[in-house]
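Residue-level listing of the chains:
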Amino acid sequence: MKFLAEYRDPELARALVAQLQRAVTRPWTVMEICGGQTHSILRHGIDQVLPPGLELVHGPGCPVCVTPLETIDRAVAIAGLPGVILASFGDMLRVPGSRGSLLEARSRGADVRMVYSPLEALALARANPDHDVVFLAVGFETTAPGNAMAVAAAVDQGLRNYSQIVSHVLVPPAMAAILDSPGCRVNAFLAAGHVCTVTGWRPYEAVAARHGVPIVATGFEPVDILDGLVQAVTLLESGDARVVNRYERAVRPDGNPAAQAMVDRMYRVCDRKWRGIGTIPQSGLALRPEFAAWDAERKFAVADITPAEPAECIAGLVLQGLAKPADCPAFGRACTPQTPLGATMVSSEGACAAWFRYGRKVPQ
Amino acid sequence: MSDRADVTGFSCPLPRLDYDTVQMAHGAGGRLSQDLFEKLILPRFASPELAPREDGALLDLPPGRVAFSTDTFVVTPLFFPGGDIGKLAVCGTVNDVAMMGALPRALSVAFVLEEGWPLADFHRVLCSMEATAQQAGVRIVTGDTKVVGRGQCDGIYINTSGLGVVPEGRRLGVARIAAGDAVLVSGPVGDHGTAILTARAGLSVQTELASDCATLNGLVEALLACGADVKALRDPTRGGLAAVLNEFAAGARVGITLEDGAVPVRATVAGVCEMLGLDPLHAACEGRLVAVVSGADADHGLAALRAHALGSEAAVIGRVVPAHPGVVALRTGLGVERVLDMPLGEQLPRIC
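Since we're looking at a predicted model, the values are computed, not measured. (Residues numbered from 1 in each chain as written. Chains lettered and ligands numbered in written order. Predicted model: local features only at pLDDT ≥ 70, side-chain atom pairs only at ≥ 80, totals over all residues. Heavy atoms only, no water.)

### Observations concerning empty space enclosed by the protein
Regions of empty space are outlined by a rolling probe, equal in size to a water molecule, passed over the atoms.
Residue and element names in this part refer to chain A.
Line of reasoning, step 1. Inspection of every chain in the model, using the stated rule, returns 5 cavities of 30 Å³ or more.
Line of reasoning, step 2. Within this model, the second largest cavity holds a volume of roughly 80 Å³.
Line of reasoning, step 3. Lining the second largest cavity are 14 residues, and of these Cys313, Cys328, Cys335, Thr344 and Cys352 sit closest to its centre.
Line of reasoning, step 4. Across the lining of the second largest cavity, the residue classes tally to 11 nonpolar, 2 polar and 1 charged. (1 Å grid on protein atoms, 1.4 Å probe; cavity = no way out; pocket = protein on both sides within 12 Å on 5 of 7 lines; lining within 4 Å. Points joined across faces, edges and corners; volume = space filled by probe spheres on them. Nonpolar A, V, L, I, M, F, W, Y, C, P; charged D, E, K, R; others polar.)

Shown next, in the form of structure tokens:
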């Protein structure tokens, strides 16, 4: 497949590993923002070939991981209302809330559907005029345009039985929050290439300048990630806190203006709570007030949302790069992908799930 | 893709029936049940064992140990590129019997039909079962049909059970796997699982991908006839290649080392799986086998598989090792080994 095999080329990858070894002269800590990158790093064993002194920490870029517990509890409660069809993406359905996951709600009789695209939920609304279709819209800047497009279509077509629970999050404010947190060890970031495809890389310039950290827009395959690391280390070693785009096959400086305009038409920037981390100012998207009729949180009054997080879960620290999954006493014991305590153990993009699946060493 | 039947130009024309769809009475044992059996089912499964219409079949089996297996088939959509639920139901059980080293002889078939489901679709499934059973050289000798109310099942569920006879002298089993053996796969993995996923309504990914669904008893005989010391056979259905290799490693208390680059995966399968966040090594096959062969016979076994139409893309993918008993290690392109685990239940597509 084009854009897959060539970025997994073993020889090219090994040459980049050698280049990385030559480039590192001092200890550095680099955070990969995106859970897709974390997954790729562990799946291909990149963490095992890094030169001594170079440490990778996993960032908060896993949409289901950072969706606040109360949002999941609200979705579960709304799904339980008569006449409601609740739709969301695959791995969102398994995330544990205080009163179980959406899949558990389905087994109790709620009508919960897995969709691959937000437009599918729109089609469900058209096909079920006597039902209320509620779409749980989560994700970063990547999924926001598609979800905005779906609700825009509902507004334009006057489709009143479609609404969204919007829990979108934005990457640059989260990066700034991580850099501002006490104990932060991050020297540079690999930014998520597909987020940059939508936003461009210019929004990162302010973060890089204010905090003095290099940021490299990076892809997801082994060659991409190793190349991003070579670039990040080169910038660190020369004391150059710039934004560099190494995902040139998809990212333009200003991103995708049509996608940005669609997001801007439907959503406004708001403060947002991140699961395990807390509230980050101006880090989320919510439906604009003029579209309140399509806002499920306003449309369905659901009381008694008192979320309770399992005490032993350290997902918040993992998501900020302050701890590794294996530091958690519950990891692999009380908490496994079959019995997840936190969302980071659920999604294939979650750091704990990636560690559980790929991170165990082969016994010698 | 439509999952409605298109019987125009089909080799077995739909018989004239009083109803177009399944009625509750079709499962009630009366006139309509008889009609359904005589007009639709019996003509497709004509066999000397079924013809007397007794409560069961009487079989004359050649000497040898009898292998016996059963499976129930539930799939959405019912008709998909490369097959349908009927073909799948025959292939699945024939293959399970063949993996025991047995020559499959007879199948039982039980249908659960949904009230209101088009009989033209049922007929299409029956034709497909007839063709697949003929191809595999097995006879359908007994069966049953029940009907459930509309909404209580998804069109049709099928259970098949199969019997086969293991010729004298064949010894296949996980317990025979030992360090030094080679692991072979008969073709690219993940075609069936990925084809089903892309055929489902809602996932608007268009590919040329078809299920690999096929009966493997011919391929098994070709491999066993070549004289290679074949230790164990298994077809990587649910859970895919990763599940089978973990079963082998755990069952024989050996380690298995797999070369990531050596496992054949079609570019389309790799691409679709990458997009959805799924792993081709966890995706189901319905027409592939995994063989553990004595290390000295690896090339010989590979040549025998490749000489057969269903094994032309076979490959040696790994070795059985004395280290890390019970663990399957995957060597990545970077030369790093990591654990290849059992898949964890249902694979769910990721968000972005």
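### What to know about the pattern of salt bridges
Line of reasoning, step 1. Within this structure, the stated rule accounts for 34 salt bridges over all chains.
Line of reasoning, step 2. Residue Lys273(A) is joined to Glu70(A) by a salt bridge in which the shortest nitrogen-to-oxygen separation is 3.2 Å. Of the two residues, Lys273(A) sits in strand S10 (residues 267-274) while Glu70(A) sits in helix H4 (residues 69-79), which places them 203 residues apart along the sequence.
Line of reasoning, step 3. Lys273(A) sits in the partly exposed class, given a relative accessible area of 38%.
Line of reasoning, step 4. Close ionic contact of Arg266(B) with Glu313(B) constitutes a salt bridge, the shortest N to O distance being 3.4 Å. With Arg266(B) in the loop between strand S9 (255-259) and helix H7 (267-276) and Glu313(B) in the loop between helix H8 (298-306) and strand S11 (315-321), this residue pair connects regions lying 47 residues apart in the sequence. (Salt bridge = Lys/Arg side-chain N within 4 Å of Asp/Glu carboxyl O. Helix = DSSP H or I, 4+ residues; strand = E, 2+ residues; numbered from the N terminus. Buried < 20%, exposed > 50% of the residue type's maximum accessible area, 1.4 Å probe, protein only.)

### Notes on the packing of helix H2 (residues 35-44) of chain A against helix H15 (residues 351-358) of chain A
All names here are of chain A.
Line of reasoning, step 1. Where H2 contacts H15, the axes come no closer than 9 Å and their chain directions differ by 10°. By the angle class used here, H2 and H15 are roughly parallel. The chirality of how H2 crosses H15 is right-handed. Of the residues in H15, those touching H2 at Thr38, His39, Leu42 and Arg43 are Ala351, Ala354, Trp355, Arg357 and Tyr358.
Line of reasoning, step 2. Within the contact of H2 with H15, the residues separate by chemical class into 5 nonpolar, 2 polar and 2 charged. (Axes fitted to C-alpha atoms, helices over the stretch in contact; angles between N-to-C directions. Parallel < 35°, antiparallel > 145°, perpendicular 65-115°, else oblique. Left-handed = near helix turned anticlockwise from the far one by under 90°. Contact = heavy atoms within 4.5 Å.)

### Comments concerning the sheet that holds strand S1 (residues 28-34) of chain A
Residues and elements named next belong to chain A.
Line of reasoning, step 1. What the 5 strands build is an open sheet, ordered S2-S1-S7-S8-S9; its pairing is parallel. A single partner strand is all that each edge strand has here, and the edge strands are strand S2 (54-61) and strand S9 (243-245). Each adjacent strand pair in this sheet contributes to an overall mean axis angle of 25°, direction not counted.
Line of reasoning, step 2. Direction of pairing for S1 relative to strand S7 (residues 188-192): parallel, over a ladder of 3 bridges. For Glu32, the partnering residue across the bridge sits in S7 and is Leu190.
Line of reasoning, step 3. Against the sheet, helix H8 (residues 171-180) makes contact with S1, S2, S7 and strand S8 (215-218), and its axis sits at roughly 150° relative to S1, the strand it touches most. (Pairing = 2+ DSSP bridges.)

### Some words on the interface of chain A and chain B
Line of reasoning, step 1. Contacts between chain A and chain B engage 42 residues on the former and 30 residues on the latter.
Line of reasoning, step 2. For the pairing of chain A and chain B, the buried interface totals around 3200 Å² over both sides, and the portion due to carbon and sulfur atoms is 64%.
Line of reasoning, step 3. For the chain A face of the interface with chain B, the top three residues by lost area are Tyr116(A), Arg357(A) and Val362(A), together amounting to 21%.
Line of reasoning, step 4. Viewed at the interface, chain B and chain A are joined by 3 salt bridges.
Line of reasoning, step 5. Here Arg357(A) ties to Asp279(B) by a salt bridge, and the two come within 3.5 Å at their closest N and O atoms.
Line of reasoning, step 6. In this assembly, chain A and chain B are joined by 5 residue pairs in polar contact (both at pLDDT 80 or more).
Line of reasoning, step 7. Per element, the largest residue contribution to the side of chain A that touches chain B is 4 residues, and it comes from helix H1 (residues 10-23) of chain A.
Line of reasoning, step 8. Here the side of chain A that touches chain B is built from residues that sort into 21 nonpolar, 10 polar and 11 charged. (Buried area = accessible area lost by both parts, 1.4 Å probe. Polar contact = N/O pair within 3.5 Å; in protein donor to acceptor, adjacent residues only side chain to side chain.)

### Re the environment of Phe220(A)
Residues and elements named next belong to chain A.
Line of reasoning, step 1. Inspection of the secondary structure assignment puts Phe220 in the loop between S8 and helix H11 (222-237).
Line of reasoning, step 2. Through-space distance from the C-alpha of Phe220 to that of Ile41 is 8.6 Å; in sequence the pair is 179 residues apart.
Line of reasoning, step 3. Excluding residues that lie within four positions of it along the chain, Phe220 makes contacts with Cys34, Gly36, Gln37, Ser40, Ala192, Gly193, His194, Ile225 and Tyr247.

### With respect to the sheet that holds strand S4 (residues 103-114) of chain B
Within a sheet, neighbouring strands are paired by backbone hydrogen bonds and run either parallel or antiparallel to one another.
All names here are of chain B.
Line of reasoning, step 1. As summarised here, the arrangement of the 4 strands in space is S1-S6-S4-S5, forming an open sheet in which the pairing is mixed. The strands lining the two open edges of the sheet, one partner per strand, are strand S1 (65-73) and strand S5 (139-148). Ignoring which end each strand starts from, the neighbouring axes of this sheet average 15° apart.
Line of reasoning, step 2. Pairing between S4 and S5: 9 bridges, direction parallel.

### A short note on the domain arrangement of chain A
Residue and element names in this part refer to chain A.
Line of reasoning, step 1. Per the domain assignment, the segments making up chain A are domain 1 (23-57 + 171-245), domain 2 (65-170 + 257-299) and domain 3 (315-357).
Line of reasoning, step 2. Spacing between the C-alpha centres of domain 2 and domain 3 amounts to 24 Å.
Line of reasoning, step 3. Counting each side, the surface lost to burial between domain 2 and domain 3 is near 900 Å², with a carbon and sulfur contribution of 66%.
Line of reasoning, step 4. There are 0 salt bridges connecting domain 2 and domain 3.
Line of reasoning, step 5. Counting across the interface, domain 2 meets domain 3 through 3 residue pairs in polar contact (both at pLDDT 80 or more).
Line of reasoning, step 6. Of the residues belonging to the side of domain 2 that touches domain 3, the class tally is 5 nonpolar, 1 polar and 3 charged. (Domains from an automatic or database assignment.)

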